[in-house]
Amino acid sequence: MLHLASRSPRRAELLSRLGLDFGLLDLDVPEQQAPGEPAFDYVRRVAREKAGAGLLKVLGAPGAVVLGADTEVILEDRVFGKPADAGEAAAMLRALSGRTHEVLTAVALVGAGREAQAASLTRVTLDALSEADIARYLGSGEWQGKAGAYAIQGRFEMHVARLDGSYSGVMGLPLRDTAGLLRQFGLLPA
Ligand SMILES: Cc1cn([C@H]2C[C@H](O)[C@@H](COP(=O)(O)OP(=O)(O)OP(=O)(O)O)O2)c(=O)[nH]c1=O
(Lines give C-alpha, C1' and ligand atoms only; values in the text may rest on other atoms or scores of the structure.)
Protein backbone atom coordinates (compact mmCIF):
# COMPACT_ATOMS: atom_id res chain seq x y z
CA MET A 1 0.00 0.00 0.00
CA LEU A 2 1.27 3.44 -0.92
CA HIS A 3 1.15 6.30 1.61
CA LEU A 4 1.79 9.98 1.02
CA ALA A 5 3.60 11.58 3.96
CA SER A 6 2.32 15.09 3.43
CA ARG A 7 -0.06 17.70 4.77
CA SER A 8 -0.08 19.49 1.43
CA PRO A 9 -3.44 19.22 -0.35
CA ARG A 10 -1.63 20.02 -3.63
CA ARG A 11 0.60 16.95 -3.29
CA ALA A 12 -2.42 14.69 -2.65
CA GLU A 13 -4.21 16.19 -5.63
CA LEU A 14 -1.18 15.75 -7.90
CA LEU A 15 -0.50 12.18 -6.75
CA SER A 16 -4.13 11.22 -7.36
CA ARG A 17 -3.64 12.21 -11.00
CA LEU A 18 -1.41 9.13 -11.42
CA GLY A 19 -4.49 6.96 -10.80
CA LEU A 20 -3.21 5.08 -7.76
CA ASP A 21 -4.87 4.43 -4.43
CA PHE A 22 -2.93 5.81 -1.49
CA GLY A 23 -3.31 6.73 2.16
CA LEU A 24 -2.34 10.01 3.79
CA LEU A 25 0.05 10.32 6.73
CA ASP A 26 0.01 13.49 8.77
CA LEU A 27 3.54 14.39 9.84
CA ASP A 28 5.45 17.38 11.08
CA VAL A 29 9.10 17.09 10.07
CA PRO A 30 11.31 20.08 10.96
CA GLU A 31 12.77 21.88 7.93
CA GLN A 32 16.02 23.53 8.84
CA GLN A 33 18.95 23.95 6.49
CA ALA A 34 22.22 23.05 8.26
CA PRO A 35 25.02 25.65 8.13
CA GLY A 36 26.90 25.21 4.86
CA GLU A 37 24.49 22.52 3.61
CA PRO A 38 24.05 22.89 -0.17
CA ALA A 39 20.43 23.53 -1.27
CA PHE A 40 20.28 20.34 -3.32
CA ASP A 41 21.43 18.19 -0.37
CA TYR A 42 19.01 19.97 1.96
CA VAL A 43 15.92 19.40 -0.22
CA ARG A 44 16.82 15.75 -0.76
CA ARG A 45 17.46 15.22 2.95
CA VAL A 46 14.11 16.73 3.98
CA ALA A 47 12.20 14.64 1.39
CA ARG A 48 13.92 11.52 2.73
CA GLU A 49 13.19 12.50 6.35
CA LYS A 50 9.49 13.02 5.55
CA ALA A 51 9.25 9.61 3.86
CA GLY A 52 11.29 7.95 6.63
CA ALA A 53 9.13 9.45 9.39
CA GLY A 54 6.06 8.23 7.51
CA LEU A 55 7.48 4.73 7.20
CA LEU A 56 7.97 4.57 10.98
CA LYS A 57 4.23 5.11 11.34
CA VAL A 58 3.24 2.25 9.03
CA LEU A 59 6.06 -0.24 9.54
CA GLY A 60 3.68 -2.90 10.80
CA ALA A 61 1.82 -2.92 7.49
CA PRO A 62 3.30 -5.46 5.04
CA GLY A 63 4.40 -3.94 1.74
CA ALA A 64 3.99 -0.37 2.97
CA VAL A 65 5.70 2.23 0.77
CA VAL A 66 5.86 5.90 1.72
CA LEU A 67 6.37 8.94 -0.51
CA GLY A 68 7.74 12.22 0.83
CA ALA A 69 8.62 15.43 -1.00
CA ASP A 70 10.12 18.82 -0.34
CA THR A 71 10.05 22.02 -2.41
CA GLU A 72 12.29 25.07 -2.03
CA VAL A 73 12.84 28.16 -4.15
CA ILE A 74 16.47 28.97 -4.88
CA LEU A 75 17.72 32.41 -5.88
CA GLU A 76 21.46 32.29 -6.43
CA ASP A 77 22.70 30.91 -3.11
CA ARG A 78 19.61 31.83 -1.11
CA VAL A 79 16.97 29.23 -0.23
CA PHE A 80 13.41 30.49 0.20
CA GLY A 81 11.10 28.15 2.08
CA LYS A 82 7.60 28.97 3.36
CA PRO A 83 7.48 32.57 4.61
CA ALA A 84 6.70 32.98 8.30
CA ASP A 85 4.60 36.12 7.79
CA ALA A 86 3.53 38.73 5.24
CA GLY A 87 6.69 40.79 5.80
CA GLU A 88 8.91 37.87 4.92
CA ALA A 89 6.67 37.02 1.96
CA ALA A 90 7.01 40.60 0.64
CA ALA A 91 10.80 40.43 0.95
CA MET A 92 10.89 37.15 -1.00
CA LEU A 93 8.68 38.52 -3.77
CA ARG A 94 10.81 41.69 -4.05
CA ALA A 95 13.94 39.54 -4.36
CA LEU A 96 12.34 37.29 -7.03
CA SER A 97 10.87 40.19 -9.04
CA GLY A 98 12.16 40.49 -12.62
CA ARG A 99 14.62 37.65 -12.25
CA THR A 100 15.07 33.95 -12.94
CA HIS A 101 15.06 31.54 -10.00
CA GLU A 102 14.96 27.80 -9.57
CA VAL A 103 12.33 25.65 -7.92
CA LEU A 104 13.78 22.45 -6.57
CA THR A 105 11.53 19.57 -5.54
CA ALA A 106 12.94 16.32 -4.21
CA VAL A 107 10.84 13.18 -3.96
CA ALA A 108 11.72 10.14 -1.86
CA LEU A 109 10.05 6.75 -1.93
CA VAL A 110 10.89 4.35 0.89
CA GLY A 111 9.80 0.86 1.85
CA ALA A 112 11.24 -1.69 4.25
CA GLY A 113 14.89 -1.97 3.14
CA ARG A 114 14.32 0.01 -0.08
CA GLU A 115 14.73 3.61 -1.03
CA ALA A 116 14.71 5.65 -4.26
CA GLN A 117 14.95 9.39 -4.85
CA ALA A 118 14.42 11.87 -7.64
CA ALA A 119 14.91 15.61 -7.88
CA SER A 120 13.30 18.07 -10.26
CA LEU A 121 14.70 21.49 -11.07
CA THR A 122 12.60 24.12 -12.84
CA ARG A 123 13.76 27.56 -13.90
CA VAL A 124 11.10 30.24 -13.50
CA THR A 125 11.42 33.82 -14.76
CA LEU A 126 9.14 36.46 -13.27
CA ASP A 127 8.11 39.81 -14.68
CA ALA A 128 9.07 42.84 -12.62
CA LEU A 129 6.59 43.16 -9.74
CA SER A 130 5.53 46.63 -8.60
CA GLU A 131 4.88 47.36 -4.92
CA ALA A 132 1.18 47.45 -5.85
CA ASP A 133 1.43 43.97 -7.44
CA ILE A 134 3.07 42.65 -4.28
CA ALA A 135 0.53 44.28 -1.95
CA ARG A 136 -2.36 42.91 -4.01
CA TYR A 137 -0.86 39.44 -4.02
CA LEU A 138 -0.23 39.47 -0.28
CA GLY A 139 -3.87 40.46 0.19
CA SER A 140 -4.96 37.29 -1.62
CA GLY A 141 -3.39 35.13 1.12
CA GLU A 142 -2.30 32.63 -1.56
CA TRP A 143 1.35 33.03 -0.52
CA GLN A 144 0.78 31.30 2.81
CA GLY A 145 2.45 27.91 3.14
CA LYS A 146 4.15 28.22 -0.28
CA ALA A 147 7.89 28.10 -0.85
CA GLY A 148 9.12 31.43 -2.22
CA ALA A 149 5.80 33.07 -1.19
CA TYR A 150 3.93 32.28 -4.38
CA ALA A 151 1.65 29.59 -5.80
CA ILE A 152 1.95 29.24 -9.56
CA GLN A 153 -1.36 27.37 -9.66
CA GLY A 154 -3.26 30.47 -8.56
CA ARG A 155 -3.38 34.10 -9.61
CA PHE A 156 0.40 34.43 -9.41
CA GLU A 157 0.80 32.78 -12.81
CA MET A 158 -0.02 36.14 -14.39
CA HIS A 159 3.48 37.25 -13.37
CA VAL A 160 5.33 34.20 -14.77
CA ALA A 161 7.15 35.14 -17.96
CA ARG A 162 8.82 31.78 -18.55
CA LEU A 163 8.96 28.29 -17.07
CA ASP A 164 11.52 25.71 -18.07
CA GLY A 165 11.02 22.33 -16.39
CA SER A 166 8.09 20.75 -14.54
CA TYR A 167 4.95 22.70 -13.70
CA SER A 168 3.82 19.97 -11.27
CA GLY A 169 7.32 20.09 -9.74
CA VAL A 170 6.83 23.79 -8.99
CA MET A 171 3.48 22.92 -7.36
CA GLY A 172 5.22 20.39 -5.11
CA LEU A 173 5.19 16.98 -6.81
CA PRO A 174 6.84 16.45 -10.22
CA LEU A 175 4.58 13.85 -11.83
CA ARG A 176 7.03 12.48 -14.40
CA ASP A 177 9.79 11.87 -11.81
CA THR A 178 7.27 10.52 -9.30
CA ALA A 179 5.90 8.06 -11.85
CA GLY A 180 9.48 6.90 -12.52
CA LEU A 181 10.00 6.12 -8.83
CA LEU A 182 6.66 4.33 -8.57
CA ARG A 183 7.60 2.18 -11.59
CA GLN A 184 10.88 1.21 -9.88
CA PHE A 185 8.81 -0.06 -6.94
CA GLY A 186 6.39 -1.89 -9.23
CA LEU A 187 3.52 0.37 -8.18
CA LEU A 188 2.96 1.57 -11.73
CA PRO A 189 3.31 -0.62 -14.82
CA ALA A 190 6.73 -0.35 -16.52
C1 LIG B 1 6.64 27.57 -5.64
C2 LIG B 1 5.37 26.90 -5.21
C3 LIG B 1 5.31 26.16 -4.04
N4 LIG B 1 4.13 25.57 -3.65
C5 LIG B 1 4.05 24.80 -2.41
C6 LIG B 1 4.37 23.32 -2.56
C7 LIG B 1 4.63 22.89 -1.14
O8 LIG B 1 3.39 22.48 -0.56
C9 LIG B 1 5.11 24.17 -0.45
C10 LIG B 1 6.53 24.06 0.01
O11 LIG B 1 6.57 23.49 1.27
P12 LIG B 1 7.05 22.01 1.60
O13 LIG B 1 7.78 22.08 2.89
O14 LIG B 1 7.75 21.40 0.44
O15 LIG B 1 5.70 21.20 1.80
P16 LIG B 1 4.48 21.45 2.79
O17 LIG B 1 4.95 21.89 4.14
O18 LIG B 1 3.45 22.31 2.09
O19 LIG B 1 3.83 20.00 2.86
P20 LIG B 1 4.42 18.63 3.51
O21 LIG B 1 5.79 18.90 4.07
O22 LIG B 1 3.43 18.22 4.55
O23 LIG B 1 4.46 17.67 2.33
O24 LIG B 1 4.99 25.22 -1.43
C25 LIG B 1 2.99 25.68 -4.44
O26 LIG B 1 1.93 25.13 -4.08
N27 LIG B 1 3.05 26.39 -5.60
C28 LIG B 1 4.18 27.01 -6.03
O29 LIG B 1 4.16 27.65 -7.10
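Residues numbered from 1 in each chain as written. Predicted model: local features only at pLDDT ≥ 70, side-chain atom pairs only at ≥ 80, totals over all residues. Heavy atoms only, no water.

- Per an unreviewed UniProt entry, the protein chain carries the name dTTP/UTP pyrophosphatase and comes from Thermomonas haemolytica.
- The annotation that UniProt attaches to the protein chain under Subcellular location (unreviewed entry) is "Cytoplasm".
- UniProt's Function (unreviewed entry) comment on the protein chain is quoted here verbatim: "Nucleoside triphosphate pyrophosphatase that hydrolyzes dTTP and UTP. May have a dual role in cell division arrest and in preventing the incorporation of modified nucleotides into cellular nucleic acids." (UniProt positions renumbered as here; feature names shortened; annotations may be inferred.)

### Describing the overall build of the protein chain
Consideration 1: Each helix and strand in the protein chain was counted, giving 6 helices and 7 strands.
Consideration 2: Secondary structure elements in the protein chain, listed N-terminal to C-terminal, are β-α-β-α-β-β-α-β-β-α-β-α-α.
Consideration 3: Here the protein chain has a C-alpha radius of gyration of 17 Å; the compact-globule value for 190 residues is 16 Å, and the two agree.
Consideration 4: Reported as C-alpha extents along the three principal axes, the dimensions of the protein chain are approximately 55 × 35 × 25 Å.
Consideration 5: For the protein chain, buried positions account for 50% of its 190 residues. (Helix = DSSP H or I, 4+ residues; strand = E, 2+ residues; numbered from the N terminus. Rg over C-alpha atoms; globule rule 2.2 N^0.38 Å. Buried < 20%, exposed > 50% of the residue type's maximum accessible area, 1.4 Å probe, protein only.)

### Considering the pattern of salt bridges
Consideration 1: Here the structure, examined in full by the defined rule, presents 13 salt bridges.
Consideration 2: Across the pair Lys 50 and Asp 70 runs a salt bridge, and its minimum N-O distance is 3.2 Å. Here Lys 50 is found in helix H2 (residues 39–58), whereas its partner Asp 70 is found in strand E3 (residues 65–75), with 20 residues between them in sequence. Residues Lys 50 and Asp 70 agree in their burial class; the two are buried.
Consideration 3: The partner of Arg 136 in a salt bridge is Asp 133, with the nearest N and O atoms 3.8 Å apart. Of the two residues, Arg 136 and Asp 133 both sit in helix H4 (residues 131–140), 3 residues apart, roughly one turn of that helix.
Consideration 4: Exposure remark for Asp 133: the relative accessible area of 17% places this residue in the buried category.
Consideration 5: A single salt-bridge network, built from bridges that share partners, covers Glu 31, Lys 50, Asp 70 and Lys 82. (Salt bridge = Lys/Arg side-chain N within 4 Å of Asp/Glu carboxyl O.)

### Considerations on the site of the ligand
Consideration 1: Lining the immediate surroundings of the ligand are 20 residues, of which Ser 6, Arg 7, Arg 11, Lys 50 and Lys 82 lie closest.
Consideration 2: Arg 11 is positioned with one of its side-chain polar atoms (N or O) 2.6 Å from an oxygen atom of the ligand.
Consideration 3: Contact with the protein chains removes 94% of the 600 Å² of surface that the ligand exposes when unbound.
Consideration 4: Mapped by element, the contributors of at least two residues to the shell around the ligand are helix H1 (9–16), E3 and helix H5 (167–171).
Consideration 5: For the shell around the ligand, the per-class residue count stands at 6 nonpolar, 6 polar and 8 charged. (Near = heavy atom within 4 Å. Polar contact = N/O pair within 3.5 Å; in protein donor to acceptor, adjacent residues only side chain to side chain. Areas by Shrake-Rupley, 256 points an atom, 1.4 Å probe, with all protein chains shown as cover. Nonpolar A, V, L, I, M, F, W, Y, C, P; charged D, E, K, R; others polar.)

### Let's talk about the environment of Ser 8
Consideration 1: Among the secondary structure elements, Ser 8 is positioned in the loop between strand E1 (2–5) and H1.
Consideration 2: For Ser 8, a relative accessible area of 13% translates into the label buried.
Consideration 3: Expressed as a C-alpha distance, the spacing of Ser 8 and Leu 109, which sit 101 residues apart in the sequence, is 17 Å.

### Quick look at the confidence of the model for the protein chain
Consideration 1: Mean pLDDT for the protein chain: 96, with 100% of residues reaching 70 or above.
Consideration 2: The ipTM assigned to the predicted complex is 0.98, against a pTM of 0.97. (pLDDT = per-residue confidence, 0-100.)

### Regarding the UniProt feature "active site" (unreviewed entry) in the protein chain
Consideration 1: Per the UniProt entry, the sites bearing "active site" (unreviewed entry) are Asp 70 in this numbering.
Consideration 2: Here Asp 70 falls in the buried class, since its relative accessible area comes to 1%.
Consideration 3: Here Lys 50 takes part through its side chain, which lies 3.2 Å from a polar atom of the side chain of Asp 70.

### Topic: the packing of aromatic side chains
Consideration 1: Applying the stated criterion to the full structure yields 2 aromatic pairs.
Consideration 2: Counting every residue linked through ring pairs, the aromatic cluster contains Tyr 137, Tyr 150 and Phe 156.
Consideration 3: The aromatic ring of Phe 185 is capped on one face by Arg 114, whose charged end is 4.1 Å from the ring centroid. (Phe/Tyr/Trp six-rings, centres within 6.5 Å; stacked < 30°, edge-to-face > 60°. Lys NZ or Arg CZ within 6 Å of the ring centre and 35° of its normal.)

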